[in-house]
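Spelled out from the first residue to the last, the chains are:
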Amino acid sequence: ASEEAQVLTGAQPTSTNYFTGLNDRKILATDATWTGEFYTLNKIKNSADVNWCGGLIQGTFPASTSWDRMHDAYAFSLDGAPNTTLQHIRVHNTGDGISIKGVSGGVIVHGVHFSICRDDALQNDFGQDNLTLEYSLIDGCYSFYSSRPYAPDVPDHSQVIPTMIRENLVYLKDMPTTYKDKGPGHAKFFKMDNANQAGWP
């Protein structure tokens, strides 16, 4: 692996932070903070073998914020970022914790602590494969893991998304605003449309 690293310290912008072309790079964000309201906060794009370590993300969304708005609030988006590792990240009060799309297989999420994820803690609606989520605390989320096809033209990926989920503690928590304004509540632990994906009819 490359010894080159990008170090982030102090307060960071809450507009979208793009990280592109970082092949075989490490991002050290142990002393970095993001505080406020955001849409896609950190986007890793067109990069492979990135290792991101650390960071504190503190959303300031009021409890009354609509589900539609929270649905567009991503702490991390991986788009064309295969074999990325995200580890030791603290995220509180967001929509999705991590959204994975593009060609982004082989992602490892290790030792993260998410709380109050008002949508999916881990969204894999584009069916990327060989994902690992391990040794993490998901302390309050609307839905834990989603692999629901994003649009009708996304092919059924029920047979190609082997995901290793091990040694995590996960809590589904009632959120104040939910899909289609149905009132307080939470969704499924595993949000999957296809019976073969879910393992039950």
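Residues numbered from 1 in each chain as written. Predicted model: local features only at pLDDT ≥ 70, side-chain atom pairs only at ≥ 80, totals over all residues. Heavy atoms only, no water.

Draft legend 1. How the structure looks around the overall build of the protein chain. Secondary structure assignment for the protein chain yields two helices and 17 strands. Counting over 201 residues, the protein chain shows a buried share of 50%. The contacts in the protein chain between residues at least 6 apart in sequence include a share of 62% that link residues at least 24 apart. When the accessible surface of the protein chain is summed, it comes to about 9300 Å², and 51% of that surface belongs to carbon and sulfur atoms. (Helix = DSSP H or I, 4+ residues; strand = E, 2+ residues; numbered from the N terminus. Buried < 20%, exposed > 50% of the residue type's maximum accessible area, 1.4 Å probe, protein only. Contact = heavy atoms within 4.5 Å. Areas by Shrake-Rupley, 256 points an atom, 1.4 Å probe, with all protein chains shown as cover.)

Draft legend 2. Summary view of the layout of surface pockets. Its volume calculated, the largest pocket comes out at about 440 Å³. What lines the largest pocket is a set of 22 residues, and nearest its centre among them are Trp67, Asp119, Arg148, Tyr179 and Lys191. For the lining of the largest pocket, the elements supplying multiple residues, two or more each, are α1 (67-71), β12 (113-123) and β14 (137-146). Top contributing element to the lining of the largest pocket by residue count: β12, with three residues. Residues belonging to the lining of the largest pocket are distributed by class as follows: eight nonpolar, seven polar and seven charged. (1 Å grid on protein atoms, 1.4 Å probe; cavity = no way out; pocket = protein on both sides within 12 Å on 5 of 7 lines; lining within 4 Å. Points joined across faces, edges and corners; volume = space filled by probe spheres on them. Nonpolar A, V, L, I, M, F, W, Y, C, P; charged D, E, K, R; others polar.)

Draft legend 3. Expanded view of empty space enclosed by the protein. Using the criterion set out here, one finds one cavity of 30 Å³ or more in the structure. If you tally residues by element for the lining of the largest cavity, the top one is β12, at three residues. Taken together, the residues that form the lining of the largest cavity break down as eight nonpolar, no polar and no charged.

Draft legend 4. Representation of the side chain of serine 104. Among the secondary structure elements, serine 104 is positioned in the loop between β10 (96-101) and β11 (108-110). With sequence-adjacent residues up to four places away left out, serine 104 is seen in contact with Leu78, Asp79, Gly80, Ala81, Pro82, Gln128 and Leu131.

Draft legend 5. Geometry of the packing of aromatic side chains. Across all of its chains, the model carries 10 aromatic pairs by this definition. When the centroid spacing of 5.3 Å and the interplanar angle of 75 degrees are considered together, the rings of phenylalanine 38 and phenylalanine 61 count as edge-to-face. With phenylalanine 38 in the loop between β3 (26-36) and β4 (40-45) and phenylalanine 61 in the loop between β6 (56-59) and α1, this pair connects stretches of sequence that are 23 residues apart. By the burial criterion, phenylalanine 38 is buried, and phenylalanine 61 matches it. (Phe/Tyr/Trp six-rings, centres within 6.5 Å; stacked < 30°, edge-to-face > 60°.)

Draft legend 6. Structural view of the pairing of β6. Because side chains alternate across β6, one face comprises the buried residues Ile57 and Gly59, and the other comprises Leu56 and Gln58, none of which is buried. Direction of pairing for β3 relative to β6: parallel, over a ladder of four bridges. By the bridge assignment for β6, threonine 33 is matched with leucine 56. As paired strands, β6 and strand β9 (residues 90-94) are joined by three bridges and run parallel to one another. (Pairing = 2+ DSSP bridges.)

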